[in-house]
Amino acid sequence: MNFIVIVATPDVGSFNHAIARQAVAFLETAGHDVIFHDLYREPFSPLLAQEEIPRDAELDDAVAAYCRELTEADGIVLVHPNWWGQPPAVLKGWIDRVFRPGTAYEYEGEPGKVGTVTGLLTGKTAVVFTTGDTDEATERDYFRDPLDTLWKRCIFGFCGIADAVRKHFSIIMISDDAQRKLWLEEVDNTLKAALEQQGKQE
């Protein structure tokens, strides 16, 4: 199967990059083809220009390539830190520019009227790994975990992936090497479970 792995964090020495490397290694060892993108290193502009919004807009080569990869992928793995309950701007901008009509979803109905939305990513696997420095109780009880809603419902659910998986690791700033080793094992286990679930649906 074909996978896209995206990491969005400025520090190449971060645990996010360790997660991304672990995900790539696991998928490749399992025999899958992986396309890896480090949005900060490429670099990728997160700004969605007005002329790029229409469905039939002429896209620049980089965005067009991302769209092709998304269409052809069997699975999508995203890795990012939790910044103010959101992904870093570069990843949000990647979603804005790549999860576009005709690629990730489609509106159906009469022109000028509200129609229905069809997700075009149905059948794909989506796994999101996030990191943070807030304890689990605060994430759950105070912040209401906005990232879970964002990825599972607002983005992947809207685009046809009803069973997107999100795994959160925290508290990063006080974690030691032993804890991080265990977390990286959880990356493998999370991906393995997601692949098994996809296999049952095929």
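So, here's what we can say about the structure. Worth saying up front: this structure is predicted, and the values here are computed from it rather than measured. What you see as residue numbers is a count from 1 along each chain, following the sequence as written. Confidence filtering applies because this is a predicted model: local features only for residues at pLDDT of at least 70, side-chain atom pairs given and counted only at 80 or more, and all residues used for totals across whole chains, interfaces and linings. As a convention, hydrogens and water are excluded, and side-chain values are obtained from all of the structure's heavy atoms.

### Things to note about the pairing of strand S1 (residues 2–7)
Heads up, the condition is: When accessible area is computed with a 1.4 Å probe and restricted to protein chains, residues below 20% of their type maximum are described as buried, those above 50% as exposed, and intermediate ones as partly exposed. Only runs of H or I of at least four residues qualify as helices and only runs of E of at least two qualify as strands under DSSP, and these elements are numbered from the N terminus. In short, DSSP must find at least two bridges between two strands for them to pair. Place the viewer so that the strands point away; then a crossover is right-handed whenever the path from the first strand over the helix to the second strand goes clockwise.
With five of its six residues buried, S1 lies for the most part within the structure. Direction of pairing for S1 relative to strand S2 (residues 33–38): parallel, over a ladder of six bridges. Across the sheet, the residue bridging to Ile6 is His37, located in S2. Read from S1 through helix H1 (residues 15–29) to S2, the crossover connection turns out right-handed. Two elements, S1 and strand S3 (residues 75–81), share five bridges in a ladder whose sense is parallel.

### Observations regarding the pattern of salt bridges
Defined as follows: Throughout this description, the term salt bridge denotes a Lys or Arg side-chain nitrogen within 4 Å of a carboxyl oxygen of Asp or Glu.
Taken as a whole, this structure holds nine salt bridges when the rule is applied. Note that Asp38 is salt-bridged to Arg41, the shortest N-O span being 3.4 Å. Among the residues examined, Asp38 registers a relative accessible area of 8% and is labelled buried. Overall, the relative accessible area of 43% leaves Arg41 in the partly exposed class. The residue Asp145 makes a salt bridge to Arg166 at a minimum N-O spacing of 2.9 Å. In this pair, Asp145 is assigned in the loop between helix H4 (136–141) and helix H5 (146–155) and Arg166 in strand S7 (residues 165–169), connecting sequence segments 21 residues apart. For Asp145, a relative accessible area of 21% translates into the label partly exposed.

### A look at a nonpolar patch on the surface
The following threshold applies: Each patch groups residues whose relative accessible area exceeds 30% and which form no salt bridge, using 9 Å between like charges and 5 Å between nonpolar side chains of Val, Leu, Ile, Met, Phe, Trp and Tyr. For every accessible area listed, the method is Shrake-Rupley and the probe measures 1.4 Å; residues are considered covered only by the protein chains on display.
Where nonpolar side chains cluster on the molecular surface, the patch consists of Tyr107, Val117 and Phe158 and spans about 280 Å² of accessible area. Checked against the element boundaries, Val117 lands in strand S5 (residues 116–119). Overall, the relative accessible area of 33% leaves Val117 in the partly exposed class.

### What to know about the nonpolar core
For the record, the criterion: Only buried residues count toward a nonpolar core, which is a set of Ala, Val, Leu, Ile, Met, Phe, Trp, Tyr and Cys residues joined through side-chain atoms within 4.5 Å. Here, residues are in contact when the closest pair of their heavy atoms is within 4.5 Å.
Counting residues in hydrophobic clusters, the biggest one holds 31 residues, and the most contacted among them are Leu39, Leu78, Trp94, Phe99, Trp151 and Phe156. Those elements that place two or more of their residues in this core are S1, helix H2 (61–72), S3, helix H3 (89–98), strand S6 (125–131) and H5. Take this core: its biggest share by element is five residues, from H3. Once residues within four sequence positions are removed from consideration, Leu78 is found in contact with Ile6, Leu91, Trp94, Val127, Val128, Phe129, Trp151 and Phe156. Counting 24 residues, the second-largest nonpolar core is a separate cluster that includes Val7, Ala23, Leu27 and Trp183.

### Description of the packing of H2 against H3
Here is the rule we go by: Angles here are taken between N-to-C directions and fall from 0 to 180 degrees, while the axes themselves are lines fitted to C-alpha atoms, restricted in helices to the stretch in contact. Working definition: roughly parallel below 35 degrees, roughly antiparallel above 145 degrees, roughly perpendicular at 65 to 115 degrees, and oblique for all remaining angles. For this classification, the nonpolar set comprises Ala, Val, Leu, Ile, Met, Phe, Trp, Tyr, Cys and Pro, the charged set comprises Asp, Glu, Lys and Arg, and every other residue, Gly included, is treated as polar.
In contact at an axis separation of 10 Å, H2 and H3 are set at 80° when each is read in the N-to-C sense. Taken together, H2 and H3 sit at an angle that is classed as roughly perpendicular. Of the residues in H3, those in contact with Val63, Tyr66, Cys67 and Leu70 of H2 are Trp94, Arg97 and Val98. Each residue belonging to the contact of H2 with H3 can be placed in one class, and the counts come to six nonpolar, no polar and one charged.

### Examining the packing of aromatic side chains
Worth spelling out the cut-off: Geometry of aromatic contacts follows a simple scheme: Phe, Tyr and Trp rings, the Trp one being its six-membered ring, pair when their centres are within 6.5 Å, and the pair is stacked under 30 degrees between planes, edge-to-face over 60, tilted otherwise.
One pass over the structure, following the stated rule, counts eleven aromatic pairs. Taken together, the ring pairs in this structure connect Phe44, Tyr66, Trp94, Phe99, Trp151 and Phe156 into an aromatic cluster.

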